[in-house]
Structures are given as structure tokens and as C-alpha cells.
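These are the residues of each chain, in order.
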Number of protein chains: 2
Amino acid sequence: MLNFTFQNPTKSHFGEDQIKMIATEIPANAKVLLVYGGGSIKQNGVYDQVVNALSEHTWFEFSGIEPNPKYDTLMKAQQLIKQHDVDYLLAVGGGSVVDGCKFIAAAALFNGDDPWDILAKQTPITAALPMGAVLTLPATGSESNGNSVVTRDGHKLPFSSPIVRPQFAVLDPKVTLSLSDRQISNGVIDAFVHTIEQYLTYSVNAKVQDRFAEGLLQTLIEEGPKALAAQSNEDLEVRANIMWSATMALNGLIGAGVPQDWSTHMIGHELTGGFGIDHARTRSIVLPAVMKVKRQEKREKLVQYAERVWQITDEDETVKIDKAIAKTEAFFKQMDVPTRLSDVNISEKDIDDLVSMLEQHGMVALGEHSDITLAVSKQILEKAL
Amino acid sequence: MLNFTFQNPTKSHFGEDQIKMIATEIPANAKVLLVYGGGSIKQNGVYDQVVNALSEHTWFEFSGIEPNPKYDTLMKAQQLIKQHDVDYLLAVGGGSVVDGCKFIAAAALFNGDDPWDILAKQTPITAALPMGAVLTLPATGSESNGNSVVTRDGHKLPFSSPIVRPQFAVLDPKVTLSLSDRQISNGVIDAFVHTIEQYLTYSVNAKVQDRFAEGLLQTLIEEGPKALAAQSNEDLEVRANIMWSATMALNGLIGAGVPQDWSTHMIGHELTGGFGIDHARTRSIVLPAVMKVKRQEKREKLVQYAERVWQITDEDETVKIDKAIAKTEAFFKQMDVPTRLSDVNISEKDIDDLVSMLEQHGMVALGEHSDITLAVSKQILEKAL
């Protein structure tokens, strides 16, 4: 395997009724800003649980963080932070809220001229307000990593720093029972593709990382459809397994010491930025096309994926790979997400625009070999039509 | 799965030539005590690498920590710490050195009357000197957890606290090339049994933890024998996979949210304490007997273990379990460790003494159901004859 440094100090409180743990995780004298989204947490009881847990704290609130959190929205929190001397942030929501809260945390203590530089110029941050997270939608792993993606004027821009990694995360699978089918699907697909992006490259003989990644994929394949099935959609064990899989999929563990291929992610960002497609649904469209276009380069791992994740036993490697890709697409369809650009009304005439957006964002050498040029991205998009 | 809290802040620097990272991990103004064992690190070049990395630091050294580190030896370090105002410890060695260093760290800042109480009375510690670890023998996972076992007068006594978890661990698989076959075997078996102890209980439908545990077991089964084979005993990739497996086997991850059965460990401690048997070799003797005596209680997981780890496809569950236990014993034999008490010259007449040592140490209700009473431990020891 490759040399690596791995550290993940986020403390996870996992299980039913763990929201109360925030009372002791946040310093008693902190001035807390509760950061959330559109208000669904007021319907499903999470808001009340958080407010109860904060009964001994001084706290304020900032709501309205949208999916694909917007720069302008996030900057509005700064005034509140200054006004009340806020010194601790608590994100309550899914990946967008947690991502947005990370940017708020970094912008609050940014020592440059303009916090926009954190995204636009990738200016490294040197400080951020401490934060915790109460996760309501398992998907992005943001509750346990230092990654964030912020949108401005249709551009999705990432930044990453260990300084914005949440100090703690509360993962109560019970709060996910009120999610819509679409949210469940998106979450499972997001975690699945994250795992693939750190697994389906070329082998560096990293056996533990491979086995762990395969274990996550198998779990998501087994549990995802159960979470959508009406008869079991209140199965807490199913939700618990999906929730922990999603955290493990992007907390740094399975990606330590292995090559990674984030091309699906990056090409997908342009589908969200340009056409407003849900993050996860861009990935179920792009990933099968990446597998097809890069099947030679990924041959060894595709065979391993076929054998270990899908138990495909055919002798012929080409057949094995074909079947594994078909199984992946069938799983995506079972999870009720699109697998083609045509499913979301994007057609051949849009491809040049998407490619020029990739160019504009510097995404000109993607993949584990940096060989997914703009021309190859175009092939991938054409294959996804 | 069960509710849990999981946190592991230890930073792992993994790979060839990573020992140099200690130069930046240890604060520049620290007064460092280098803690090591019998001096093998002077033969294999590790000592020189550590000394080079500490060239800008003020440091002292304390050597002579033995396998199953002794209380009296460890207490000798305290004088050196006081004399030189040592404020950072660096353990360089295997699990015994790291375990011993944890006790030194805790004893140095113990605010009770007698540091012996940390072990004898399980008095909680409230402070400890910070420490890092350079691992030379992958086995116990001590480099990334808060556990320690110290021996006094033939009694092995554990203590555990997140306060003594190493801040960082350097894992360079290259340094393991100089290990003896016996050390390699012991390390692989130790990691294998640690994994089993957090896996082979009863199912709580914790799919991620199960898959991760199975992945570690499969990796150790694949790689262990290769590390012993003369033709490949310099295969760095093999050593790397074993090293990362051993860390993952006992860093808290696979044990989060699942029942655990440490009976093999605890019964094994008495074999070390009473008869001086290597830690790992007690476990290869005791584990098969635990599987046999508790096969009904562990039936579901034994079947899963047979199917997923050993790919046993027989229809009949009893046959499946028989074969899985036989495969486990065959693997232990392949790793050249004993699987019976008779292999280490312990006979039926010694069993009563072992049981009374278990009683003396309070080990009267072991296992995931706390139903391994002294009578059951006796059955296990008899089965292991």
C-alpha cells in the first residue's frame, strides 16, 4: 500500500437517544450557534431534543441552509456570530448543513481579506470555530471529516481542512425514520459512490482497505433497498447499518494508503451546478459511465469487485466485469435513482457546456492516473447519455 | 447494533521511513524519555533512526522493559523522569514496551498514594504524560488504544484509559523484517484472536463491524503464512498488511456497538502468569476450546464465520461449525503456535491451580453473556488439554 497519515479525532455518539450527549460535549460556558436547514428538524422532533439538551447553555440559532449550501446564505451567519460572541457551532442536519457550518466556522476566524478566498483561491485556513454535528441524513460523511462544498452562482467549490472537522457527531438512526424515500436513496447512493471512489482504481495490495470498502458496499447493497421497502421502513437496525456505513465511507479510513478516483464526484458537481440535479443522482448517472470508459485501467479491481461484492463466478473476466457494471446499474435502479443523463433531461447538446464548466473549474486531469482529460470526461458524459 | 461512543484520536504515520515524523510530532521543547526493551532496536537500525529524528530534541533513555512488562521495572523509570523533568514519553518497541510506557506515563502523574492502585484497585487516572509510539512488532494494537497490561509477582493486571492513548504511532512495516518467526507468529495470532473476541459472540446485526472483522481475519489468514515462508519473508507488502490489520484489530473500531467475549484473553493471562507461556500462544490454545464449549451460544456467528471467513459451503450447520473450528486450528498450526495445553507441557493436574488464579483475579463471569463461570472455564481448560 501507499504511505499515509491517518487521524480522525471526531467522537461519534451512535444510537437511539444520543442527542442528549451534546449537553456534555459542548463546553458549559460556550455561546452556541445552532445551525440548521429548512426546518424539517422542527417537524421530526430533533429540534426539540437539541433544545432540551442545550437547556443549560447560552445559544442562538441560524436556519435556512439549503441543499448545496450557498455562499451568500452562509455569510449571513457571520453577523450573528459577531453580535453574540458565538464561540461554538452546532450543525443539525444532513451533509449540506454540516458542510455549510464548516464554512461558517472557517469564515468566522479567517484572517485574510475575504472568506471567499477559502473557496476561490483555496487559501489555507489557520483557525475556525469549534463545531459539533447532529446528523439527520446519513450520506456524505461530513460529520466525521474536514471536507465541505459550497455553491456560489452555480459553481460548487470544495475546501478541506482538519481544522473544521467536527469535534463530535451524534448519530441517532431513529431520527432518519422521517426521511423521504428520495433522501434515503440519495444517502445510500452517496455513501456507495464515495466508497467506490476510494476502491475502484488500481491495486496497491492494500488488503484491509479493500476488505473494508467491500464490506461497506455489501452492507449498502443489502440494507439500502430494505430502507425503501414499505414493510420495513421503520426498521431501526437497517437505518443504523446505513448510517454507520455512510460515516465509514468518508471518514478517511478506507482511503488511507490507496489511490483514489474522484472523477465521478467532480463531473457530477457540474450536473448539480449547471442543472440542479441532486448531488447523489449525478453520481448514479456518472459512475457507470466511468466504469465503462475506464474498464481497461480498472480491470483488476473491477474483477475483484465482481467477485467479492457481487459474487459473480463466471470464468471470463470480460463477462465478470460486464455483469458487475450491470449489477451496479440494477442496484441504482432498485434505489430509484437515475442512471442516464436522459433520465434527468440532459441531452447530447448539453455536453459541451458541461465540459467547459469542468475546464473552468480546473478539472482537466481527473482520476487515479490523472488521465481523465476533458476529452475523456466528454466520452464519459456521452456514454452516460 | 448496540449504542456506542467511538473515538480514536491517535495519528498513524504508516509506511516506509516514517520514523522521521517523530521530529515534528513531539513538541520541540519537550524533554523526551525514549522507552524501549531489550535492545533489539539497536541491532535492526530502529534506534539509530529514532535518535536521528530526535536530533533537535532534549532526550534521555530508559531500557530493559521485558515481555509482559513488570511493575518493578516500570517504576524504575520514575526516578529518571523526576530527575530530568521529562514531559514526553516515546515508546519504541512492541506491545509490551507500549503497554509499559503507558503505565510509566500514568504513574508519573498519579495523584494517589501508590501507583500500584492503578492496577490493583483500578483507581481511575486523571492525568498522564503525553506519549507517542514507534511500533516494531505488530500484534497488540496498543499503539492506538488506551489499554495496558502490567505483571507483578506472576499476576497480569490490566488498566485502561483514553488518557494514555498514544498521541501518534509510527508504523513502518520495514522495521518488522528483522522479527523472528516466533514474533511474527505471535503477532498474527494476537491480532487474529483480538478480532475474534469482538466478533464471535451473538449477532446484534452490526453489519459494518462484522464485515470489517471478517476482512481482518481473512487478511491475517492470507498474509500470516506468507510472512513465515522463507521465500517471501522480505515481502514488505505482506508485512504492511499484517501491521495495519493488527492496529485495526484493537483500536476500538470493530468492537464499537457489539458484544464482546474476552474469555480467551483472560484465561490466557493465567497461562502466562502461572507458566510463562507467550501471550499469543496462550490464546491459540484457549480459543479453539472456547469455540467448542460455547458452540451453542455462538452458533449463529460460528456459521457466519464458517461461511464468510472460510468459504465453507456445506448445508449442515453442525458440519459447517466443525469445519470452521478445524480450519482455525489448522491455521494456528500453520502459524506454528500450540493449540493444546499438552503442547506447552501443561496437564490436567494444573487445571485446578489455573481456575483458582482466575478466581483470585475475579474472573468468575466471563464471556458475552457473563456465563463463563469458574466451572465453565474449567471445562474450557479441560477441552484444551
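All values reported here derive from a predicted model rather than from experimental measurement. In every chain, residue numbers begin from 1 and rise along the written sequence. For naming, the first written chain is A and the first written ligand is 1, with later ones following in the order written. Residues qualify for local features only when their pLDDT is at least 70, as the model is predicted, and side-chain atom pairs are given and counted only at 80 or more; totals for whole chains, interfaces and linings, by contrast, use all residues.

**A few points about the overall build of chain A**
Helix and strand definitions here come from DSSP, where helices need a minimum of 4 consecutive H or I residues and strands a minimum of 2 consecutive E residues; each element is numbered from the N-terminal end. Scanning chain A from terminus to terminus reveals 15 helices and eight strands. Along the longest, intermediate and shortest principal axes, the C-alpha atoms of chain A span 65 × 45 × 45 Å. Burial is judged by counting the other C-beta atoms within 10 Å of a residue's own C-beta: 20 or more makes it buried, 12 or fewer makes it exposed, and any count in between marks it as partly exposed, with every C-beta position built from the backbone. By residue count, 55% of the 385 residues in chain A fall in the buried class. Put simply, 78% of the contacts in chain A that link residues at least 6 apart link residues at least 24 apart. We call two residues in contact whenever the C-beta atoms placed from their backbones are within 7 Å.

**Re the relation of the copies chain A and chain B**
Least squares is the method for superposing the copies, and the C-alpha atoms it fits come from residues with pLDDT of at least 70 in both. If you rotate chain A by 180 degrees and push it 0.0 Å along the axis, it lands on chain B with an RMSD of 0.0 Å. Expressed as an axis order, the relation between the two copies is that of a two-fold axis. Using C-alpha coordinates, one finds that chain A approaches the rotation axis most closely at A:Pro9, a distance of 1.9 Å. The overlap is high: 100% of the interface residues of chain A also sit at the interface in chain B, so the same surface is used on both sides.

**Remarks on the domain arrangement of chain A**
All names here are of chain A. Here the domain parsing of chain A yields domain 1 (11–174) and domain 2 (181–383). At the interface, 18 residues of domain 1 touch 25 residues of domain 2. Those elements that place two or more of their residues in the side of domain 1 that touches domain 2 are β1 (4–14) and β7 (155–160). When residues are sorted by character, Ala, Val, Leu, Ile, Met, Phe, Trp, Tyr, Cys and Pro go into the nonpolar class, Asp, Glu, Lys and Arg into the charged class, and all the rest, Gly among them, into the polar class. Grouping the amino acids of the side of domain 1 that touches domain 2 by side-chain chemistry returns six nonpolar, nine polar and three charged. By convention here, the domain bounds are inherited from an automatic or database domain assignment.

**Focus: the interface of chain A and chain B**
The partner chain B presents 33 residues to the 33 residues of chain A that form the contact. Those elements that provide at least two residues to the side of chain A that touches chain B are β1, α8 (207–228) and α9 (236–249) of chain A. The residue makeup of the side of chain A that touches chain B, split by class, is eleven nonpolar, 15 polar and seven charged. Bridge analysis of β1(A) against strand β1 (residues 4–14) of chain B gives seven bridges, and the strand direction is antiparallel. Bridge pairing links A:His13 to B:Thr5 in β1(B). Two strands qualify as a pair provided DSSP detects at least 2 bridges between them.

**Some remarks on the pairing of strand β2 (residues 31–36) of chain A**
All names here are of chain A. Judged by how many residues are buried, β2 sits mostly within the fold: five of six residues are covered. Sheet topology note: the β2/strand β3 (residues 58–62) ladder contains five bridges and is parallel. Residue Leu34 lies in a different strand from β3, and its bridge partner there is Glu61. With five bridges connecting them, β2 and strand β4 (residues 88–93) associate as parallel partners. Residue Tyr36 lies in a different strand from β4, and its bridge partner there is Val92.

**Some details on the nonpolar core**
Ranked by internal contacts, the top residues of the largest apolar core, which has 242 residues, are A:Val35, A:Leu90, B:Val35 and B:Leu90. Excluding anything up to four places from it in sequence, B:Val35 contacts B:Phe62, B:Ile65, B:Ala77, B:Leu89, B:Leu90, B:Ala91, B:Val92, B:Val97, B:Gly100, B:Cys101 and B:Ile104. We call a set of buried Ala, Val, Leu, Ile, Met, Phe, Trp, Tyr and Cys residues a nonpolar core when their C-beta atoms link them within 7 Å.

**Some words on the pairing of strand β7 (residues 155–160) of chain B**
Residue and element names in this part refer to chain B. Where strand β6 (residues 147–152) lies against β7, six bridges are found, and the strand directions are antiparallel. Looking at β7, one finds that Arg152 is bridged to His155. In this structure, the hairpin formed by β6 and β7 is closed by a connection of two residues, where Asp153 is found at a positive phi of approximately 50 degrees.

**Thoughts on the sheet that holds β2(A)**
Spatially, twelve strands are ordered β3(A)-β2(A)-β4(A)-β5(A)-β8(A)-β1(A)-β1(B)-β8(B)-β5(B)-β4(B)-β2(B)-β3(B) in an open sheet, and the strand pairing comes out mixed. Unpaired on one side and paired on the other, β3 of chain A together with β3 (58–62) of chain B mark the two borders of the sheet. Within this sheet the neighbouring strands show an average axis-to-axis angle of 25 degrees, counted without direction. To define axes, lines are fitted to C-alpha atoms, for helices over the stretch in contact only, and angles between the resulting N-to-C directions are given on a 0 to 180 degree scale. Those strands touched by helix α5 (residues 95–108) of chain A are β2, β4 and β5 (131–135) of chain A, and its axis lies near 165 degrees from that of β4(A).

**So, the packing of helix α12 (residues 299–310) of chain A against helix α13 (residues 317–334) of chain A**
Geometry of a packed helix pair, given as the angle between the helix axes and the separation of the axes. Residue and element names in this part refer to chain A. The geometry of α12 relative to α13 is characterised by a closest axis approach of 8 Å and an angle of 60 degrees between their N-to-C directions. Between α12 and α13, the interaxial angle falls into the category oblique. As α12 runs across α13, the sense of the crossing is left-handed. The residues of α13 that touch α12, namely those facing Leu302, Val303, Tyr305, Ala306 and Trp310, are Glu317, Lys320, Ile321, Lys323, Ala324 and Lys327. Considering only residue class, the contact of α12 with α13 consists of seven nonpolar, no polar and four charged. What sets the label is the angle itself: under 35 degrees gives roughly parallel, over 145 gives roughly antiparallel, 65 to 115 gives roughly perpendicular, and the rest give oblique. If you view the pair so one helix is near and one far, a crossing is left-handed when the near helix is turned anticlockwise from the far one by less than a right angle, and right-handed when it is turned clockwise.

**With respect to helix α14 (residues 317–334) of chain B**
An α-helix turns once every 3.6 residues. As a result, residues three or four positions apart point the same way. Residues and elements named next belong to chain B. Residue count minus one, scaled by 1.5 Å, sets the expected span of a helix. Look at α14: 25 Å from first C-alpha to last across 18 residues, which is about the 26 Å you get at 1.5 Å a residue. Considered for burial, the residues of α14 that qualify are Lys320, Ile321, Ala324, Ile325, Thr328, Phe331 and Phe332. The arc that holds every buried residue of α14, seen down its axis, measures 130 degrees, which confines them to one face. Exposed residues pointing more than 90 degrees away from the buried face of α14 are listed as Thr318, Val319 and Ala330. Packed against the buried residues of α14 are α8 (181–197), α9 (207–228), α12 (279–293) and α13 (299–310). Of the residues flanking the end of α14, it is Asp336, one or two places downstream, whose phi is positive at about 65 degrees. The reported arc concerns the directions from the helix axis to the C-beta atoms and nothing else.

**Observations regarding the environment of B:Glu223**
Along the chain, B:Glu223 turns up in helix α9. Taking the C-alpha atoms as reference, B:Glu223 lies 7.2 Å from B:Asn241; in sequence the two are 18 residues apart. Not counting chain neighbours up to four residues away, the residues in contact with B:Glu223 comprise A:Lys207, B:Val238, B:Asn241 and B:Ile242.

**A word on the packing of helix α14 (residues 351–360) of chain A against helix α15 (residues 374–383) of chain A**
All names here are of chain A. Where α14 contacts α15, the axes come no closer than 10 Å and their chain directions differ by 140 degrees. Relative to α15, the crossing made by α14 is right-handed. Note on element contacts: α15 touches α14 through Leu374, Ser377, Lys378, Leu381 and Glu382, opposite Ile351, Leu354, Val355, Leu358 and Glu359. Split into classes, the residues belonging to the contact of α14 with α15 amount to six nonpolar, one polar and three charged.

**Concerning helix α6 (residues 95–108) of chain B**
The end-to-end C-alpha distance of α6(B) is 20 Å, a good match for the 20 Å that 14 residues give at a rise of 1.5 Å each. Most of α6(B) is tucked away: 13 of the 14 residues are buried.

**Considerations on the confidence of the model for chain A**
One number per residue, pLDDT, summarises how confident the predictor is, and it ranges from 0 to 100. Per-chain confidence: chain A averages 96 in pLDDT, with 99% of residues scoring 70 or above. Here the predicted complex scores 0.97 on pTM and 0.97 on ipTM.

**Points about the environment of B:Ile184**
Residues and elements named next belong to chain B. Looking at the element boundaries, Ile184 is found in helix α8. Spatially, the C-alpha atoms of Ile184 and Leu374 are 32 Å apart, while their sequence positions differ by 190 residues. If sequence neighbours within four positions are ignored, Ile184 has contacts with Leu179, Ala227 and Leu228.

**Thoughts on unusual backbone geometry**
All names here are of chain A. A positive phi is found at Asp85, a non-glycine position, where the angle reads about 50 degrees. Summarising the element assignment, Asp85 is placed in the loop between α4 (71–84) and β4. With a phi close to 60 degrees, Asn345 is a non-glycine residue in the positive phi region. For Asn345, the position within the fold is in the loop between α13 and α14.

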